[in-house]
Amino acid sequence: MHNLKKLESLCKEIQKYNSEVITTYPGIANQSILDLEVKLKSRLPGDFKRFLTIINGFELMSDIIYGIHNDPKMGLYNNYVWELKESNNPIYHYLLPISPNGFGDHYCLDLRSLTEDGSSCEVVFWLHDYEYSDGDTPDKESSSFTDYLEELIMDVGENYNYDGSDK
């Protein structure tokens, strides 16, 4: 519950940014999330699902969080399928890319680490040009999507005002 209040507070923070420096997409219905879970054959963490109902992805300065869209650039499923089936170094099926770093790598939800209550899962960093082995997995970045989002918003907020000007 605490994590969801924190997430909702972060979403309010995101919405403070001027429309010239951020593009947000309106939240979506739970049915769209359920449809995605069916396609993925996996449950999504509760904090990420709540995020999608408030803000269905955004692009803030150079940071992107994917949402449920048909847009190849912003779509969760489109990016997942591409990384799984078309990239030179296919992503593991249990990693859902949520945010690109701009160099071909992705921050991903590690759906294997979904908590018992389904509220969250770890966020890991997938290197697109690194050959992972069985015992060598992507580095953990955050314990939850909410923590990842908080770090992203804090990093942007340290350097920029809500209108995009430098601090």
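To start, this report covers the structure provided alongside it. (Residues numbered from 1 in each chain as written. Predicted model: local features only at pLDDT ≥ 70, side-chain atom pairs only at ≥ 80, totals over all residues. Heavy atoms only, no water.)

Attention now goes to the nonpolar core. Soluble globular proteins: nonpolar side chains tend toward being buried together. With 36 residues, the main nonpolar core has Phe 48, Phe 51, Phe 58, Leu 109, Phe 145 and Leu 149 as its most contacted residues. Of all the elements in the fold, those that place two or more residues in this core are α1 (2–14), α2 (30–40), α3 (46–54), β2 (55–60), β3 (63–65), α4 (76–86), β4 (95–100) and α5 (145–159). In terms of residue count, α5 provides more of this core than any other element does, six residues in total. Of all hydrophobic cores here, the second largest spans seven residues; its members include Ile 91, Leu 95, Val 124 and Trp 126. (Core = buried A, V, L, I, M, F, W, Y, C linked by side-chain atoms within 4.5 Å. Buried < 20%, exposed > 50% of the residue type's maximum accessible area, 1.4 Å probe, protein only. Helix = DSSP H or I, 4+ residues; strand = E, 2+ residues; numbered from the N terminus.)

Attention shifts here to unusual backbone geometry. Negative phi values dominate among residues other than glycine, just as trans dominates among peptide bonds. In this structure, Lys 41 is a non-glycine residue whose phi angle is positive, near 60 degrees. Here Lys 41 is to be found in the loop between α2 and α3. Judged by its relative accessible area of 76%, Lys 41 is exposed. Notably, Met 61 is not glycine yet its phi reads approximately 60 degrees, a positive angle. Tracing the backbone through its elements, the reader meets Met 61 in the loop between β2 and β3.

Attention shifts here to the pairing of strand β6 (residues 123–126). Where burial is concerned, the two faces of β6 agree: the one with Val 123 and Phe 125 and the one with Val 124 and Trp 126 are both buried. In terms of strand pairing, strand β5 (residues 106–110) meets β6 through four bridges, oriented antiparallel. Residue pairing for β6: Leu 109 is matched across the bridge by Val 123. Bridging between β6 and strand β7 (residues 139–142) involves three bridges; their strand directions are antiparallel. Of the residues in β7, the one forming a bridge with Phe 125 is Asp 139. (Pairing = 2+ DSSP bridges.)

What follows concerns the packing of aromatic side chains. For any pair of aromatic rings, the description rests on two quantities: the centre-to-centre distance and the angle between the ring planes. The final tally for this structure, using the stated rule, is 13 aromatic pairs. Between Phe 51 and Phe 58, the aromatic rings sit 6.2 Å apart at their centres with planes inclined by 70 degrees, giving edge-to-face as the arrangement. Three or more aromatic residues link up through ring pairs in this structure, and these residues are Tyr 92, Tyr 94, Trp 126, Tyr 130 and Tyr 132. Over the ring of Tyr 77 we find Lys 39; its NZ or CZ atom is 4.8 Å from the centre of that ring. (Phe/Tyr/Trp six-rings, centres within 6.5 Å; stacked < 30°, edge-to-face > 60°. Lys NZ or Arg CZ within 6 Å of the ring centre and 35° of its normal.)

Where α2 meets α3, the closest approach of the two axes is 9 Å, and the angle between their N-to-C directions is 135 degrees. Between α2 and α3, the interaxial angle falls into the category oblique. Like other packed secondary-structure pairs, α2 and α3 cross with a definite hand, here right-handed. Along the contact surface, α2 presents Asn 30, Ile 33 and Glu 37, while α3 presents Lys 49, Leu 52 and Thr 53. Tallied by class, the residues present in the contact of α2 with α3 amount to two nonpolar, two polar and two charged. (Axes fitted to C-alpha atoms, helices over the stretch in contact; angles between N-to-C directions. Parallel < 35°, antiparallel > 145°, perpendicular 65-115°, else oblique. Left-handed = near helix turned anticlockwise from the far one by under 90°. Contact = heavy atoms within 4.5 Å. Nonpolar A, V, L, I, M, F, W, Y, C, P; charged D, E, K, R; others polar.)

We now examine the sheet that holds strand β1 (residues 22–26). In space, the three strands of this open sheet follow the order β1-β2-β3, with antiparallel pairing throughout. Two strands lie at the open edges of the sheet, namely β1 and β3, each paired on one side alone. Direction aside, the axes of adjacent strands within the sheet are offset by 10 degrees on average. Bridge count between β1 and β2: four bridges; the pairing is antiparallel. Each residue of the ladder has a partner; that of Ile 22, found in β2, is Leu 60. Set on the sheet, α3 makes contact with β1, β2 and β3; between it and β2 the angle comes to about 80 degrees.

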